[in-house]
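# Summary of structural features
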Amino acid sequence: MLYWLTLLSDGGDFFNLFRYITFRAGGAFLTALIFGFLFGKPLIAVLRRKQGKGQPIRDDGPEGHFVKAGTPTMGGLLIVGALLTSTLLWARLDNPFVWLVLFVTMSFAAIGFADDYAKVSKQNTAGVSGKLRLLLGLIISGIAGYWAAQYHPEALQYKLALPVFKDTLINLSVLFIPFAIIVIVGAANAVNLTDGLDGLAIMPVMIAAGTLGIIAYAVGRVDFTEYLDVHYVPGTGEILIFTAGIFGGGLGFLWYNAPPAAVFMGDTGSLALGGALGAIAVATKHELVLAIVGGLFVVEALSVIIQVLYFKRTGKRVFLMAPIHHHYEKKGWAEPQIVIRFWIISLILAMIGLATLKIR
């Protein structure tokens, strides 16, 4: 919205700054951060009053989690609100990729909100039917995949770009939409599975979003793509503003989610943020890089899949408990120890993901 202030510029004044994506990304970060600090306490107070007993705690979960009973959930509303406000204020609203990532984020946030509401109102961990959640996620992701393909350059439409092997494009044709669905739905659910300890999910999400934002900015500039020898996708640079909003909103939320958490993100936040990461990856043609940058989420999801499949086949468990962060809890690791070590892993993976831009 504020981009239109450039109409008041003569080319050398303050209003000219609004032409620059980096300036507006800084504005989006500060807006989201301030939003988080301003509305965090009031939102938590409302959630605590409305929810009463807070998020239900699983009976079969780690013993240390029972002390968290009564903590309100749906804290993702704070992140989503900060993200939406900052993006609408600072991004160019004539950019289709901005609306694409907002569509996915808000749609998955709505699914998560319905699930969280069902859990706290019924005071059980069942929530919305898993089949219904999956169906809605498939529809949203299918629309997003088709939407992204329509705005990709013709040479990249319905094709899969490979990191490192930059001259190679795999023509997925009609399979691109199912592939995009897997990326977005998979990312949403992987982040959701990771959100099991205070502060565990939000920092890796911020790290991944920041990394994908840099990638989006790079692939949206002709000069950068020529230097890095990556595929040019016009318009994706504006996604940096969206990711700056995630970073700012994430920091604002982490202020209240740091151990011991005053509020949980809930499915409202985890599904929204995971879906956002998947949508950015599809928009920028860096779907496979997301698997590296978001490697922590991949491992968390795989630990659940492996645990379920192995148990059904043998009646035994590979991990003491899944997702894998609970395995380390059962082994005696302190919660902050797990969280900080997983943050470190996320940062390392982000650096590797960025390195793929230049490696050939």
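Residues numbered from 1 in each chain as written. Predicted model: local features only at pLDDT ≥ 70, side-chain atom pairs only at ≥ 80, totals over all residues. Heavy atoms only, no water.

Looking at an unreviewed UniProt entry, one finds the protein named Phospho-N-acetylmuramoyl-pentapeptide-transferase, with Sulfitobacter mediterraneus as its source organism.

## Here's the deal with the nonpolar core
The tendency in soluble globular proteins is for nonpolar side chains to be buried as a group. Rule in force here: As used here, the term nonpolar core means buried Ala, Val, Leu, Ile, Met, Phe, Trp, Tyr and Cys residues forming a set that is joined through side-chain atoms within 4.5 Å. Buried means the residue's accessible area, taken with a 1.4 Å probe over protein chains only, is under 20% of the maximum for its type, while exposed means over 50%, and partly exposed covers the values in between. Helix numbers and strand numbers start at the N terminus; a helix is a DSSP run of H or I with at least 4 residues, a strand a run of E with at least 2.
Grouped together as the largest cluster of nonpolar side chains are 87 residues, with contacts concentrated most on Phe-108, Ile-202, Phe-242, Ile-246 and Leu-277. Per-element accounting of this core gives the leading share, 13 residues, to helix 6 (residues 202–219). Listed in part, the 8 residues of the second largest apolar core include Leu-197, Phe-319, Ile-338 and Phe-342.

## Quick notes on the packing of helix 1 (residues 21–51) against helix 8 (residues 239–257)
Each pair of packed helices can be described by the angle between their axes along with the distance between the axes. Condition: To get an axis, a line is fitted to the C-alpha atoms, and for a helix only the part in contact is used. The angle between two axes follows their N-to-C directions and goes from 0 to 180 degrees. Note on angle classes: values under 35 degrees are labelled roughly parallel, values over 145 roughly antiparallel, values of 65 to 115 roughly perpendicular, and the remainder oblique. The sense of a crossing depends on the near helix, which, turned anticlockwise from the far helix by less than a right angle, makes the crossing left-handed and, turned clockwise, makes it right-handed. The contact criterion used is simple: two residues touch if any of their non-hydrogen atoms lie within 4.5 Å.
Their axes nearest at 7 Å, the elements helix 1 and helix 8 cross at an angle of 30°. Taken together, the axes of helix 1 and helix 8 are roughly parallel relative to one another. Read as a crossing pair, helix 1 and helix 8 show a hand that is right-handed. Every residue of helix 8 that contacts helix 1 at Ile-21, Arg-24, Ala-25, Ala-28, Phe-29, Ala-32, Leu-33, Gly-36, Phe-37, Gly-40, Lys-41 and Ile-44 is listed here: Leu-240, Ile-241, Ala-244, Gly-245, Phe-247, Gly-248, Gly-249, Leu-251, Gly-252, Trp-255 and Tyr-256.

## So, the packing of aromatic side chains
For clarity, the cut-off: Each Phe, Tyr or Trp ring (for Trp, its six-membered ring) is paired with any other whose centre lies within 6.5 Å, and the angle between the two planes then decides the class: stacked below 30 degrees, edge-to-face above 60, tilted in between.
Under the definition given, this model contains 17 aromatic pairs. When the ring of Phe-103 is compared with that of Trp-147, the centres are 5.7 Å apart and the planes differ by 40°; the resulting orientation is tilted. Here Phe-103 is found in helix 3 (residues 96–122), whereas its partner Trp-147 is found in helix 4 (residues 130–151), with 44 residues between them in sequence. Residue classification places Phe-103 among the partly exposed positions, given a relative accessible area of 25%. For Trp-147, a relative accessible area of 24% puts it in the partly exposed group.

## What about the UniProt feature "binding site: Mg(2+)" (unreviewed entry) in the protein?
Selection rule: UniProt positions are given in the numbering used here, feature names are shortened, and annotations may be inferred rather than shown by experiment. Pairs of N or O atoms are called polar contacts if they sit within 3.5 Å, as long as, within protein, a hydrogen donor faces a hydrogen acceptor (for residues adjacent in sequence, only side-chain-to-side-chain pairs).
Under the UniProt annotation, "binding site: Mg(2+)" (unreviewed entry) lies at Asn-192 and Asp-267. Across 76 residues of sequence, these annotated residues stay compact in space, with a maximum C-alpha separation of 6.5 Å. Setting aside chain neighbours within four positions, we find Asn-192 in contact with Arg-133, Asp-267, Ser-270 and Leu-271. Examined against the element boundaries, Asp-267 turns out to sit in helix 9 (residues 266–284). Judged by relative accessible area, which is 7%, Asp-267 ranks as buried. Those residues in contact with Asp-267, other than ones at most four positions away along the chain, are Gly-112, Asp-115, Asp-116, Lys-119, Arg-133, Asn-192 and Ala-272. For Asp-267, the side chain forms a polar contact with the side chain of Arg-133, separated by 3.3 Å.

## Section: the side chain of Asp-115
Residue position: Asp-115 is located in helix 3. On the accessibility criterion, Asp-115 (0% relative accessible area) is buried. Those residues in contact with Asp-115 that lie beyond four places of it in its chain are Ala-126, Gly-127, Val-128, Arg-133 and Asp-267.

## Thoughts on unusual backbone geometry
Negative phi is the rule for most residues except glycine; trans is the rule for most peptide bonds. The amide bond that connects Pro-259 to the next residue, Pro-260, takes the cis arrangement and shows omega of -10°. Checked against the element boundaries, Pro-260 lands in the loop between helix 8 and helix 9. Pro-323 follows Ala-322 through a cis peptide bond whose omega is 0°. Residue position: Pro-323 is located in the loop between helix 11 (295–314) and helix 12 (324–330). The backbone of Val-164 shows a phi angle near 75°, a positive value even though the residue is not glycine. By the secondary structure assignment, Val-164 is in the loop between strand 1 (159–161) and strand 2 (169–171). Residue Val-164 is classed as partly exposed on the basis of its relative accessible area, which comes to 28%. Backbone geometry at Lys-285 places phi at a positive 65°, although glycine is not the residue there. Inspection of the secondary structure assignment puts Lys-285 in the loop between helix 9 and helix 10 (287–293).

## With respect to the packing of helix 5 (residues 176–194) against helix 9
Heads up, the condition is: Each residue gets one of three labels, nonpolar for Ala, Val, Leu, Ile, Met, Phe, Trp, Tyr, Cys and Pro, charged for Asp, Glu, Lys and Arg, and polar for the others, Gly among them.
One way to put it is that helix 5 packs onto helix 9 with a least axis distance of 7 Å and a crossing angle of 145°. Considering only the axes of helix 5 and helix 9, their crossing is right-handed. Facing Phe-176, Ala-180, Val-183, Ile-184, Ala-187, Ala-188, Asn-189, Val-191 and Asn-192 of helix 5, the residues of helix 9 in contact are Asp-267, Ser-270, Leu-271, Gly-274, Gly-275, Leu-277, Gly-278, Ala-279 and Val-282. Looking at the contact of helix 5 with helix 9 residue by residue, the class counts come to 11 nonpolar, 6 polar and 1 charged.

## Examining a nonpolar patch on the surface
Keep this limit in mind: Exposure above 30% relative accessible area and no salt bridge define the residues that can form patches, which grow by joining like charges within 9 Å and nonpolar side chains of Val, Leu, Ile, Met, Phe, Trp and Tyr within 5 Å. A 1.4 Å probe and the Shrake-Rupley method give the accessible areas. Residues count as covered only by the protein chains that appear here. Any carboxyl oxygen of Asp or Glu within 4 Å of a side-chain nitrogen of Lys or Arg constitutes a salt bridge here.
A contiguous nonpolar patch, built from Val-298, Leu-302, Ile-305, Ile-306, Leu-309, Tyr-310 and Val-318 and spanning about 590 Å² of accessible area, is present on the exposed surface. For Leu-302, the position within the fold is in helix 11.

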